[in-house]
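Results of the structural survey
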Amino acid sequence: MKTASASIFFDKRRMKEGLFSVKISVYFNEKQKLVPTGFMLPAKDVDFLKKNKFGLSGRVKDEDQRNLWNMIYGNEYFDPLSESLKQSPLDKVQRIIATLDDKFTFESFQAKLDFNEPSKKQVHTDMLAALQQRIAELSDLEKHSREKIFIAAHGSLARFAVHAGLTSSSKPMVPFSIVTTDFLKSYEKYMLEKGGTHRHRKTAKPVSMTTIAYYTNCFSEVLRRAVDQGVITQQEFPIGGKGYKIPKGRKPKKALASDVIIKLMTYESKKSNRMFGRDMWLFSYLCNGVNFADICRMKWESVNEDKDRIIFIRNKTKDTKDEKGTKVLIRVLPEAKAILERWSVPSDDKNDYVFGFLTNQMSEREKLYTIIKTINRVNTNMAAIAKDLNIKDDLTTYAARHSFATTLARAEVPLSFISQSLGHSSLATTQGYLGSFEDVDAHRYMAGLIPSHKSD
């Protein structure tokens, strides 16, 4: 008789360098399910745990290390936040498996796990712990894009707290009680000066106001939950009003001038990677500025038989309250249809992906990782094309969407049509996409200030 088993899995995929997410691998009938614990550990702690996987010897005297081992491999551990003993996630999972015994299925296991999972209802008094809890929730919901932002926000807050001498680097803690308006202003100043980290180096670097806006919005979310849970009062909520103002972020206008777009449309290269990058960029530009994540997720069910119309729901807004279920119609131009026929992967199954970047067998996390790789591939080739054509602009995937909107605006296409084509719910959002007008248009518009002399 086959029985289920559980073991610890240290996952470094999509994590910042030197950081691991602790998960429990549940294995049954040649299938695996990873259960997030909400714990994230530095590499040195993971090394210690791996060396002592099968038990602690008497030589390990450090109480923090012994408690860490109990938290990951033991039955219970001491939680300094609640100052109480808690059951370890591994012990909890193993007990559920034992209860189910020969009636084990992943569905029955998940049902019992959800019923017996107090951590999802746990009230934290520490900002970093609350952020970790939110990360675990987003992972469960497979909202991996937001999960990545919260992971980065958590790391930045921990770095700041250590830099400011507020906590130790081995077990950083940031109680809600110290997260005040002045605290957040100091955090912003630190981030603007040296709060970021290089991907392959430990050297500090400044970050943009947009990045700070992303991170502080994460803080606002968990602080708002802390108010709802009674951890802090509404008066102690440090954001908004007379408190800390979250930066709006300055999104640069990335739209390209008409002459640059003409150069791209007439560009030719013997290198297939260059032509792939150019074609995918142009496909986005010509097809309503469709987001590259939506290009990757596009399925044949969205494309009509003549390949001259594509109807889809934007992945970014499919779960939002205002735009949920809003469909975007793309009227496919001949140039875009040629690109579609060149690079698509034909299939009789309407559920298959048009360009074959993704498969239905991939997990949501694997899909996100593949989308990021595809965008990077396009951007790398577009940078090479910019060099070939001596173009100074950034020819990124981001620029394709903005160029679509601005080029139509320059042609005096109604803003409502542009907004509908982009899949926006408000004209204000669309206006944020529009770049500056070209000199020839600006001179024509300004000429309207001079009244013309008309004969009676």
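Scoring rules and cut-offs
- Residues numbered from 1 in each chain as written.
- Predicted model: local features only at pLDDT ≥ 70, side-chain atom pairs only at ≥ 80, totals over all residues.
- Heavy atoms only, no water.
- Helix = DSSP H or I, 4+ residues; strand = E, 2+ residues; numbered from the N terminus.
- Buried < 20%, exposed > 50% of the residue type's maximum accessible area, 1.4 Å probe, protein only.
- Contact = heavy atoms within 4.5 Å.
- Areas by Shrake-Rupley, 256 points an atom, 1.4 Å probe, with all protein chains shown as cover.
- Salt bridge = Lys/Arg side-chain N within 4 Å of Asp/Glu carboxyl O.
- Pairing = 2+ DSSP bridges.
- Axes fitted to C-alpha atoms, helices over the stretch in contact; angles between N-to-C directions.
- Parallel < 35°, antiparallel > 145°, perpendicular 65-115°, else oblique.
- Nonpolar A, V, L, I, M, F, W, Y, C, P; charged D, E, K, R; others polar.
- Arc of directions from axis to C-beta.
- Phe/Tyr/Trp six-rings, centres within 6.5 Å; stacked < 30°, edge-to-face > 60°.
- Lys NZ or Arg CZ within 6 Å of the ring centre and 35° of its normal.

**Here we look at the overall build of the protein**
Looking only at helices and strands, the protein has 17 helices and nine strands in total. Within the protein, the proportion of its 456 residues that are buried is 43%. Partitioning the contacts of the protein with sequence separation of at least 6, the portion at a separation of at least 24 is 55%. For the protein, the accessible surface area stands at approximately 25,700 Å², while carbon and sulfur atoms represent 52% of it.

**Some thoughts on the pattern of salt bridges**
On inspection of all chains with the given rule, the structure shows twelve salt bridges. Notably, a salt bridge pairs Arg95 with Asp91, separated by 2.7 Å at the nearest N-O pair. Here Arg95 pairs with Asp91, and both are found in helix H3 (residues 89–100), just four residues apart, close to one helical turn. Close ionic contact of Asp388 with Arg274 constitutes a salt bridge, the shortest N to O distance being 3.4 Å. On the criterion of sequence distance, the pair formed by Asp388 in helix H13 (residues 364–388) and Arg274 in helix H10 (residues 272–286) is long-range, its members being 114 residues apart. What makes Arg274 buried here is its relative accessible area of 17%. Among the charged side chains, a network of salt bridges with common partners joins Arg134, Glu137, Arg146, Glu221 and Arg225.

**Some details on the sheet that holds strand S1 (residues 5–11)**
Read across the open sheet, the three strands follow the order S1-S2-S3; overall the sheet is antiparallel. Strand pairing shows two members of the sheet lacking a second neighbour, S1 and strand S3 (31–42), which therefore form its edges. On average, each strand axis in the sheet is inclined to that of its neighbour by 25°, with strand direction left out of account. Strands in contact with helix H1 (residues 43–51) are S1, strand S2 (19–28) and S3; relative to S3, the strand with the most contacts, it is inclined by about 125°.

**What to know about the packing of H1 against helix H2 (residues 63–72)**
The description of two packed helices rests on the angle between their axes and on the distance between the axes. At a closest axis distance of 11 Å, the pairing of H1 and H2 adopts a crossing angle of 75°. Accordingly, the angle class assigned to the pair H1 and H2 is roughly perpendicular. Judged by residue contacts, Asp45, Phe48 and Leu49 of H1 engage Gln65, Leu68, Trp69 and Ile72 from H2. In the contact of H1 with H2, the residues fall into five nonpolar, one polar and one charged.

**With respect to unusual backbone geometry**
Its identity as a non-glycine residue notwithstanding, Asp101 has a phi of 50°, on the positive side. Within the fold, Asp101 resides in the loop between H3 and helix H4 (106–115). Of note, the phi angle at Asn390 is positive, near 55°, even though the residue is not glycine. Summarising the element assignment, Asn390 is placed in the loop between H13 and helix H14 (397–410). Overall, the relative accessible area of 55% leaves Asn390 in the exposed class.

**Looking at the environment of Ile391**
Locating Ile391 in the fold gives a position in the loop between H13 and H14. Sequence spacing of Ile391 and Leu264 is 127 residues, and the spatial spacing of their C-alpha atoms is 9.9 Å. Apart from the residues lying within four places of it in its own chain, the contact partners of Ile391 are Val260, Lys263 and Ala386.

**Looking at helix H15 (residues 415–422)**
The complete set of buried residues in H15 reads Ile418, Ser419, Ser421 and Leu422. Projected onto a plane normal to the axis of H15, the buried residues spread over an arc of 165° and lie on a single side. The positive-phi residue at the C-terminal boundary of H15 is Gly423, with phi of around 85°.

**Examining the environment of Met40**
Here Met40 lies in strand S3. Sequence separation of Met40 and Met15 is 25 residues, and the distance between their C-alpha atoms is 9.4 Å. In contact with Met40, other than residues within four places in its own chain, are Met15, Leu19, Phe20, Ser21, Gln132, Ile135, Ile151 and His154.

**Let's talk about the packing of aromatic side chains**
Evaluated as defined, the whole model comprises 15 aromatic pairs. Ring geometry for Phe104 and Phe109: centres 5.8 Å apart, planes at 40°, overall tilted. Judged by centre distance (5.4 Å) and plane angle (80°), the ring pair of Phe283 and Phe355 falls under edge-to-face. With Phe283 in helix H10 and Phe355 in the loop between helix H12 (334–343) and H13, this residue pair connects regions lying 72 residues apart in the sequence. The exposure classification of Phe283 matches that of Phe355, with both residues buried. Its guanidinium or amino end placed over the ring of Phe237, Arg224 lies 4.0 Å from that ring's centre, counting from NZ or CZ. The side chain of Arg377 reaches across the aromatic face of Phe276, ending 3.7 Å from its centre.

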